[in-house]
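Letter by letter, the chains look like this.
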There are 2 protein chains.
Amino acid sequence: MTLTVPVDTGLARYDIRIGAGLLRDPASWEGMPPSRHAVIVTNVTIAPLWAQTLAQMLTSLHRQVSVLELPDGEAHKDWPALNSIFDHLLQSGCDRQTVLYALGGGVVGDMTGFAAGCYMRGIPFVQVPTTLLAQVDSSVGGKTAINHRLGKNMIGLFNQPIRVVCDLDTLRTLPQRELVAGLAEVIKYGPIADPVFFDWIERELDALLARDVQALAHAVQRSCEIKAQVVGQDEREGGVRAILNFGHTFGHAIETALGYGQWLHGEAVGCGMLMATDLSMQLGLVGPQHLERMRDVLVRCGLPTRAPDLGVAAYLSLMGRDKKAQAGEIRFVVLDGWGRAAVRPAPDECVSEVIQRAVTR
Amino acid sequence: MTLTVPVDTGLARYDIRIGAGLLRDPASWEGMPPSRHAVIVTNVTIAPLWAQTLAQMLTSLHRQVSVLELPDGEAHKDWPALNSIFDHLLQSGCDRQTVLYALGGGVVGDMTGFAAGCYMRGIPFVQVPTTLLAQVDSSVGGKTAINHRLGKNMIGLFNQPIRVVCDLDTLRTLPQRELVAGLAEVIKYGPIADPVFFDWIERELDALLARDVQALAHAVQRSCEIKAQVVGQDEREGGVRAILNFGHTFGHAIETALGYGQWLHGEAVGCGMLMATDLSMQLGLVGPQHLERMRDVLVRCGLPTRAPDLGVAAYLSLMGRDKKAQAGEIRFVVLDGWGRAAVRPAPDECVSEVIQRAVTR
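Residues numbered from 1 in each chain as written. Chains lettered and ligands numbered in written order. Predicted model: local features only at pLDDT ≥ 70, side-chain atom pairs only at ≥ 80, totals over all residues. Heavy atoms only, no water.

Participant: Honestly, the nonpolar core in this entry has me stumped. Any pointers?
Facilitator: Ranked by size, the top nonpolar core spans 80 residues in total, and within it Ile 16, Leu 132 and Phe 250 of chain A carry the most contacts. Ranked by residue count, the leading element in this core is helix α7 (residues 213–233) of chain A, at 10 residues. Among the domains, domain 1 (3–173) and domain 2 (176–360) of chain A are the pair contributing at least three residues each to this core. Grouped together as the second largest cluster of nonpolar side chains are 79 residues, Ala 184, Ala 253, Cys 271 and Leu 274 of chain B included. (Core = buried A, V, L, I, M, F, W, Y, C linked by side-chain atoms within 4.5 Å. Buried < 20%, exposed > 50% of the residue type's maximum accessible area, 1.4 Å probe, protein only. Helix = DSSP H or I, 4+ residues; strand = E, 2+ residues; numbered from the N terminus. Domains from an automatic or database assignment.)

Participant: Just to check I follow, could you spell out the relation of the copies chain A and chain B for this structure?
Facilitator: Superposition of the two copies of the chain requires a rotation about an axis and a shift along the axis. With an axial shift of 0.0 Å and an RMSD of 0.0 Å, the rotation relating chain A to chain B amounts to 180°. The symmetry that links the two subunits is that of a two-fold axis. The residues that chain A uses at the interface reappear at the interface of chain B in 100% of cases, marking a shared surface. (Least-squares fit on C-alpha atoms with pLDDT ≥ 70 in both. Contact = heavy atoms within 4.5 Å.)

Participant: Sorry, what's going on with helix α2 (residues 79–91) of chain A here?
Facilitator: The α-helix advances 3.6 residues per turn, and as a result positions three or four apart in sequence lie on the same side. Residue and element names in this part refer to chain A. Its 13 residues give α2 an end-to-end C-alpha distance of 18 Å, which sits within 8% of 18 Å, the value for a rise of 1.5 Å per residue. With respect to burial, α2 is a largely interior element, 10 of its 13 residues being buried. Of the positions making up α2, those classed as buried are Trp 79, Ala 81, Leu 82, Asn 83, Ile 85, Phe 86, Asp 87, His 88, Leu 89 and Leu 90. Residue Asp 78 occupies the N-cap position of α2, its side-chain oxygen lying 3.2 Å from the main-chain nitrogen of Ala 81. (Expected span 1.5 Å × (residues − 1). Polar contact = N/O pair within 3.5 Å; in protein donor to acceptor, adjacent residues only side chain to side chain.)

Participant: What is the right way to look at the interface of chain A and chain B in this model?
Facilitator: Interfaces are often described in size by the accessible area the parts lose on coming together. Contact with chain A, which involves 38 residues of that partner, is made by 38 residues of chain B. Both sides together, the interface formed by chain A and chain B hides about 3400 Å², and carbon and sulfur atoms give 56% of it. When the buried surface of chain A facing chain B is broken down by residue, Leu 90, Arg 96 and Arg 121 of chain A rank first, second and third, together holding 24% of it. The tally of links from chain A across to chain B stands at two salt bridges. Arg 149 of chain A serves as the salt-bridge partner of Asp 87 of chain B, at 3.6 Å between the closest nitrogen and oxygen. Where chain A meets chain B, there are eight residue pairs in polar contact (both at pLDDT 80 or more). (Buried area = accessible area lost by both parts, 1.4 Å probe. Salt bridge = Lys/Arg side-chain N within 4 Å of Asp/Glu carboxyl O.)

Participant: In this structure, what is going on with the domain arrangement of chain A? I would like to understand it.
Facilitator: All names here are of chain A. What the domain assignment reports for chain A is domain 1 (3–173) and domain 2 (176–360). Computed from C-alpha atoms alone, the centre-to-centre distance between domain 1 and domain 2 is 26 Å. Counting residues at the interface gives 36 residues for domain 1, matched by 35 residues for domain 2. Around 3000 Å² of area is buried between domain 1 and domain 2 when both sides are counted, 67% of it from carbon and sulfur atoms. Where domain 1 touches domain 2, the interface holds three salt bridges. As a salt-bridge pair, Lys 188 and Asp 137 come within 3.8 Å of each other at their nearest N and O atoms. Across the domain 1-domain 2 interface, the total number found is seven residue pairs in polar contact (both at pLDDT 80 or more). Among the elements of the structure, β1 (3–8), β2 (13–19), α4 (132–138), β7 (143–148) and β8 (151–158) are those that each provide at least two residues to the side of domain 1 that touches domain 2.

Shown next, in the form of structure tokens:
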């Protein structure tokens, strides 16, 4: 059974298809432009597992299908890796009709989407996310980027794919640590937008951790629906879209300070969500029972809940460089009641206390 | 007197303002977003002439105005120079509201526009072109790019500025060779779109070469109007916009083969236009008198009309990698009658003859 989530950003429309066995299903690729060239951009970990399956399916659409393997990991979400995509495209004589297929996690998706946006000033691309995190988060919404040594995701584009194909079979080969990191982003959608979904997650968490396909299908679908709805209102993050960054302001600080790759993105976001929930509680916006429920779910997942002890000053400085910072003021995504989010500044003392509690939790 | 050319691409609207003394005129900057940070991106040649004038004008809009000097020339339209813009923005703590001002020629405009499109996934930018070429060509239409070692302008974006300010005073300090290279693009608009404008150019060429402000103002205005009209029909170069590349297929081959910086872009385009007019004549689309008029105007300008002798095979191979190439077939912008352009393939023998004539002219 294939679930479909339509996305309409005003500027672009595309479908997210969710189900088991989709890579091998010809219907997944129907309607993609039958251009001469297609390039599957993937990484050294995913390539041996899935690249041949996808390449075989695409030969009926494209005369020449090639596979480009990038190094694996956030540490390689940089210019040299991005440029290796351009090298490959130019060396293969790829023209403006070429379609890129991003087969992998968020790093592959981010770099492929960025490369597609820039190659000859824009060619189409398809997202084929193979991690839970990418399926529920980075493949929806059109954010693409590479990292700069002075900040994460600082150089990039809003660029929408022409389709997203989430094959749940690809999650079978995902290391448990990565599955759990992806669950952090799934969990996020509850407190910011849908308390009933959070109730469901609490109930179905064991099934999700055991990779039950039905549970995963619903988790991916509901996450994508919520994200698509938010992005549909605000493609370029002027307003409401910022709520999707719940947990990310603290999380980015952790990732940046430790160096990309120490903590997984979802792990940093999970810990960041707990801090942001704590901050919301300090501001009187949610109750202690909500902080407790958030903490319990993260602990059941095995996600880290203690933040690394960088010192309060380092956190504040790192967060000041977050893209959401305006005119030097740090703005936080907080819970404005359980199931609703808002963006607002917070007193430094309050933030300091949250950080101190998080590093000693 | 300020002339205004409105541009509407469907996705973006902005004004091109043309006149003498505009940099010093507060009216030129009215309506620009009054953000905390502004960065003037310029180059080492233009900075000592104009950067302080512009910076002073902007201090009433922006609390912090900084100037970043890039190296001068097409050879530096590359990733290291682009990344130096990102370094500067991040080191200065520039946020998403920061406005970039591109003060310089096409290289500065291309890189600033590209950087603005990618920094934190997009910040606004203003074009302040200081060469004739940039005023009539690269500042209109939103094409931005850097070069790749395997091809010119291969990595870039369509990204529209929020305003273009063409101060004709900045042309006074332009070396004659660059003024003349800019005239090549002005001349282009006649045969592809407006035969009356070409008649005017033939009549006023001496005034243009002597930098008569009234003549320059009309030349810039009419060029921008034609370009804006074409771009308004086709922002992303799916169809009619390609006619603006008249002369560019041959021209890019010349630039690529000689290495960027040997011939100026306008010189290569001028020579390329003559070759494309010759090709049009071979295809029976224009008469020998049109080739003659084109040649005469280029010669009066002092533009090169003999193409470098790379060998026919090298030309064909270099042109096959042009962005307009589709599925291996080289498509040329030809004159479909004098004052009209069309895009079409041409027989290899015909193209070979054109190349052979051009290298021995």
